Amino acid sequence: MELVKQPETEVEYWEAIEALGGYIWHTNHDLGHGRMEPSDEIEKSLQSAGELSGRLVTEIGEKFGVIHPKDCPKVEFGQTPPPAPDGKTYYWDWYKRMKQEVYRKEYDGLICSACPLSDGLEHMVSLGGVIPCGVWSGMIYRLRTPYQCAMTDHGDWSEQKLHEEIVKKAGRPALAQFQKKEKELRDKLAQKPQ
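Note that the structure is predicted; figures quoted are calculated from it, not measured. (Residues numbered from 1 in each chain as written. Predicted model: local features only at pLDDT ≥ 70, side-chain atom pairs only at ≥ 80, totals over all residues. Heavy atoms only, no water.)

Q: Is there a simple way to explain the packing of helix α6 (residues 159-170) against helix α7 (residues 172-191) in this structure?
A: For any two helices packed against each other, the geometry comes down to the angle between their axes and how far apart the axes lie. Running from N to C, α6 and α7 point in directions that differ by 130°, and their axes come no closer than 7 Å. Accordingly, the angle class assigned to the pair α6 and α7 is oblique. As for the relative orientation of α6 and α7, their crossing is right-handed in sense. On the side of α6, the interface is formed by Leu162, His163, Ile166, Val167 and Ala170, while α7 contributes Arg172, Ala174, Leu175, Phe178 and Gln179. (Axes fitted to C-alpha atoms, helices over the stretch in contact; angles between N-to-C directions. Helix = DSSP H or I, 4+ residues; strand = E, 2+ residues; numbered from the N terminus. Parallel < 35°, antiparallel > 145°, perpendicular 65-115°, else oblique. Left-handed = near helix turned anticlockwise from the far one by under 90°. Contact = heavy atoms within 4.5 Å.)

Right, here's the structure in full:
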């Protein structure tokens, strides 16, 4: 397994490590449930992904002062580890900080961030990036367009029904804020080069 592009920023490293971890987890999950047949090719791919992820974790230690998980202090359950040395951070603290940063940026770029029907950023982070809609039945992994609510795009709500629900939940000022964000996101998307 190889990277398409060598990560440079902390965000790029986090995204690469997260993607590799997701690939490893999903492949093992599918193998465990019999959706895939074990093979030497799959085993080599999993091993390669694990080695690549390990290399990236080592690199963030060198580039950004992240202490490798194997080098983090071992503490009893419920105990707090000692503070990391100056200029360093423990891997899992770095991981959580980057996860929050990546999902905050993603959330801020969605209409959901201005919607009172949203369960909020923390819910999105806890679900690993799933759209935190408080009214959608099930899980939404992505919006087709960042300015369009899934309830009007995929669901059975009209725009009028959406607006009524927003007003019912949080009042007219919330609807004005929602519409302002909708326009900002629509304008931003229109300005992107095709």
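Q: Can you help me understand the packing of aromatic side chains in this one?
A: The way to describe two aromatic rings as a pair is by their centre distance and the angle between their planes. Enumeration according to the criterion identifies seven aromatic pairs in this entry. Considering the side-chain rings of tyrosine 91 and tryptophan 92, the 4.8 Å spacing of their centres and the 85° angle between planes classify their relative orientation as edge-to-face. A residue is classified by how much of its surface remains accessible, and tyrosine 91, at 5% relative accessible area, is buried. We classify tryptophan 92 as partly exposed; its relative accessible area is 47%. (Phe/Tyr/Trp six-rings, centres within 6.5 Å; stacked < 30°, edge-to-face > 60°. Buried < 20%, exposed > 50% of the residue type's maximum accessible area, 1.4 Å probe, protein only.)

Q: When you look at helix α1 (residues 10-32) in this model, what are you seeing that I'm missing?
A: Side chains that are three or four residues apart share a direction in an α-helix, a result of its 3.6 residues per turn. The first and last C-alpha atoms of α1 sit 32 Å apart over 23 residues, in line with the 33 Å expected at 1.5 Å per residue. Inspection of α1 places Tyr13, Trp14, Ala16, Ile17, Leu20 and Thr27 among the buried residues, and these make up the whole buried set. The secondary structure elements touched by the buried residues of α1 are α2 (40-64) and α3 (91-108). A positive backbone phi angle near 75° is found at glycine 34, which sits one or two residues after α1. (Expected span 1.5 Å × (residues − 1).)

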